[in-house]
Amino acid sequence: MQPINKRIIALVDCNSFYVSCERLFRPDLAKRPVVVLSNNDGCIISRSTEAKQVGIKMGEPYFKAKPLIDKYKVAVFSSNYELYGDLSRRVMKILKNFSSDIEFYSIDEAFLDLTHITMKNVEDYISNIRKTILQWTGIPVSIGAANTKTLAKVANHIAKKKKMGIEEFISKDQDYIDQELKEFPVAEVWGIGRQLSAFFHNNHFHNTYQLKNADNYWVRKNSSVVVLKTIHELQGICCFPLNYTPTVRKNCCVSRSFGTSITDMYDLQEALVNHCITAAERIRSEGLIAKTIYVFIKTSRFKKNYLSRVEKIDIPMPTNNTLELVHLAVKALENIYRKGHYYSKAGVLLSGLQPKAHYANNLFSDLNHNLDHLMNIIDQTNNKFGRGSITLAAARHNNQFKLRRQHSSKIDTSFIQRAPVVKAG
Amino acid sequence: MKIPLVIQKVSAGFPSPATDYVQEEIDLNSELIKNAPATFVIRVQGNSMNDHKIANGDLLVVDRSLGLSNDCIAIVNFNNELVVKNIIKKSNHFYIKHADEYIPITEHSDINVWGIVTYIIHATH
């Protein structure tokens, strides 16, 4: 019997999340291989089980996977973050009904504290969570429950292979858990990763059970405190508590490779202005302002005369205002641009981010009041009528840098104008 | 921004008796959407459901958390395609009507219920 004060932590993870979202309104794709591409249709970022089975690799460039995609008639989608974002919000909202102690770990993963559930009811409880999410949103999830986050991750991996989609270590005895750990690869342990697992492999740790029983002093001497904590977590001692407040990010980078390289400064400028608009929108939505802006342009690393140039500008009055940021980015570009090169990538990095509320008003802040108001109106309008409804003239020089989204489902379940269409039967 | 339905000007004389009844503005979301994370808005294409007061271009409020009931309208997966259908209950079984034929919804049939239509939003102007 485990001590009563042990926590019960569940990890809820949406299965092939982006693919599951695309399948919601496409029952014809339920059993077909499906993949979703990254921004600008670059790489494979989500695969259905069927797509994994025909040998399509995670992160593989689209053009490289194309022969397999054609051969197995794999359905291809450009990423549609409006749809994924809305379905993620729905899943997280449902989870809140099951526990108020919740850490939103990523767009498709959350940790729940279920310590309030009686131990013997955990299996029914997580099974009910799974059923509810599937019925209400159509998104299949896997749930693993254990005494620590690290073990919950292990349980989740096992749950993924089960038809029921759930696994719990709460009501199980230590022998059962150890048996599972013996079959669990070290590289799959949360926070270990490829490099560390190679290190452990060289030191004869071949499975997670061996890692769990590693000598504390040896680990401390040869590795890090984080690994030591991970090992404690494998032993059922909670070292990583749930993190309820999302960490405030320090940077916001928006960059993109060009489909075909460009030489003209005004073409570069247009791309950078668009990135600047996106970055400014993003930090505004998080209530942040930037202290520094970096602008960078690059030619292809794989071609002759590789050129990579960066300009850093410290902003005298930290801001999230599109007009000011664009103005600085354009100035920066003029400084770093060199004629006669074939540029393949350009980007903007906003740095030294801090909550706007923390920034003391200064003598000149009144001047910015009207600009803030303008930004609010632009954001509201773009939220209502779609991104880019209001933008800067400089962002539309010839418009060739719009995101490539050739295979987008174009559905947005949070926007009536993009509502899914269904035939009257 | 929410604007209250009743706004009273400050004036001399009798206060309006209506001030005691100040309410929030009408909120169609809370009226039409009972279970937000399970509710989707879907646009209809085609006129095959005109007999059920559903026209081409109408918006349907669809709740995925509800169960079937007799004579309900549902979004169903029929032949690997989502369609709007009327569902009838006869002697404890549910059927969809398809081309003058009643097809039972069973665990073994290929017909899955996607969600139940709770409201039809039809523009008349």
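Just so you know, these numbers come straight off a predicted model, no measurement behind them.

A. Highlighting the interface of chain A and chain B. Taken together, the 22 residues of chain A in the interface contact 27 residues of chain B. Together chain A and chain B conceal approximately 2200 Å² of surface at their shared face, both sides included; 60% is due to carbon and sulfur atoms. At the boundary of chain A and chain B, one finds 1 salt bridge. The shortest N-O distance in the salt bridge between Lys423(A) and Glu81(B) comes to 3.2 Å. Elements supplying a minimum of two residues to the side of chain A that touches chain B: α4 (81–98), α5 (122–137) and β14 (421–424) of chain A. Of the residues belonging to the side of chain A that touches chain B, the class tally is 13 nonpolar, 5 polar and 4 charged. Bridge count for β14(A) against strand β4 (residues 81–90) of chain B is 2 bridges, and the pairing is parallel. Within the sheet, the bridge partner assigned to Lys423(A) lies in β4(B) and is Val83(B).

B. View of the side chain of Ser197(A). Within the secondary structure layout, Ser197(A) lies in helix α8 (residues 193–202). Excluding residues within four positions of it along the chain, Ser197(A) makes contact with Val186(A), Ala187(A) and Ile192(A).

C. Broad picture of the confidence of the model for chain B. Per-residue confidence for chain B gives a mean pLDDT of 86; residues scoring 70 or more make up 81%. Scored as a complex, the prediction yields pTM 0.75 and ipTM 0.84.

D. The nonpolar core, seen in detail. With 57 residues, the main nonpolar core has Phe25(A), Leu95(A), Leu112(A), Ile126(A), Ile129(A), Ile75(B) and Trp114(B) as its most contacted residues. Looking at this core, the element that brings in the most residues is α4(A), giving 8 residues. Val254(A), Leu325(A), Tyr343(A) and Ala346(A) belong to the second largest nonpolar core, which has 36 residues in total.

E. Quick peek at the packing of aromatic side chains. Taken as a whole and assessed by the stated rule, the structure comprises 19 aromatic pairs over all chains. Here Tyr81(A) and Tyr84(A) contribute two aromatic rings whose centre-to-centre distance is 5.7 Å and whose plane-to-plane angle is 80°, an arrangement assigned as edge-to-face. In this pair, Tyr81(A) and Tyr84(A) both sit in helix α4, 3 residues apart, roughly one turn of the helix. Look at Tyr84(A) and you get buried, because its relative accessible area is 0%. Here the aromatic residues Phe17(A), Tyr18(A), Tyr81(A) and Tyr84(A) are joined through ring pairs into a cluster of three or more. Here the guanidinium or amino end of Arg90(A) rests over the ring plane of Phe40(B), the centre of that ring lying 3.9 Å away. Positioned over the ring face of Tyr209(A) is Lys182(A), at 4.6 Å from the centre of the ring.

F. Quick look at the sheet that holds strand β3 (residues 44–47) of chain A. Residues and elements named next belong to chain A. Taken together, 3 strands build an open sheet; the order of strands is β3-β2-β4 and the sheet is mixed. Every interior strand has two partners, whereas the edge strands, β3 and β4 (75–78), have only one. Each neighbouring strand pair of the sheet contributes to a mean axis angle of 25°, computed without reference to strand direction. Taken together, the 3 bridges between strand β2 (residues 34–37) and β3 define a ladder with antiparallel strand orientation. The residue of β3 that forms the bridge with Val-36 is Ser-46.

G. Structural view of helix α13 (residues 322–336) of chain A. For α13(A), built from 15 residues, the straight-helix expectation of 21 Å at 1.5 Å per residue is met to within 8% by its first-to-last C-alpha distance of 21 Å. Where α13(A) begins, the side chain of Asn321(A) points an oxygen toward the backbone nitrogen of Leu323(A), at a separation of 2.8 Å.

H. Representation of unusual backbone geometry. One non-glycine residue, Asn305(A), adopts positive backbone phi at about 55°. Positionally, Asn305(A) belongs in the loop between β10 (288–299) and β11 (308–319). Positive phi is not limited to glycine here, since Asn79(B) has a value of about 55°. Of note, Asn79(B) is situated in the loop between β3 (72–78) and β4. The exposure class assigned to Asn79(B) is exposed, which follows from its relative accessible area of 61%.

I. Structural context of the sheet that holds strand β1 (residues 9–14) of chain A. All names here are of chain A. Overall, mixed pairing links the 5 strands, which are arranged β5-β6-β1-β7-β8 in an open sheet. Each having just a single partner strand, β5 (102–106) and β8 (166–168) make up the two edges of the open sheet. For this sheet, the mean angle separating the axes of adjacent strands, direction not counted, is 15°. With 6 bridges connecting them, β1 and strand β7 (residues 141–146) associate as antiparallel partners. What sits directly across from Val-12, in β7, is Ile-143. Taken strand by strand, α4 contacts β1, β5 and β6 (109–113), and its axis lies near 155° from that of β5.

Procedures and definitions
Residues numbered from 1 in each chain as written. Chains lettered and ligands numbered in written order. Predicted model: local features only at pLDDT ≥ 70, side-chain atom pairs only at ≥ 80, totals over all residues. Heavy atoms only, no water. Contact = heavy atoms within 4.5 Å. Buried area = accessible area lost by both parts, 1.4 Å probe. Salt bridge = Lys/Arg side-chain N within 4 Å of Asp/Glu carboxyl O. Helix = DSSP H or I, 4+ residues; strand = E, 2+ residues; numbered from the N terminus. Nonpolar A, V, L, I, M, F, W, Y, C, P; charged D, E, K, R; others polar. Pairing = 2+ DSSP bridges. pLDDT = per-residue confidence, 0-100. Core = buried A, V, L, I, M, F, W, Y, C linked by side-chain atoms within 4.5 Å. Buried < 20%, exposed > 50% of the residue type's maximum accessible area, 1.4 Å probe, protein only. Phe/Tyr/Trp six-rings, centres within 6.5 Å; stacked < 30°, edge-to-face > 60°. Lys NZ or Arg CZ within 6 Å of the ring centre and 35° of its normal. Axes fitted to C-alpha atoms, helices over the stretch in contact; angles between N-to-C directions. Expected span 1.5 Å × (residues − 1). Polar contact = N/O pair within 3.5 Å; in protein donor to acceptor, adjacent residues only side chain to side chain.

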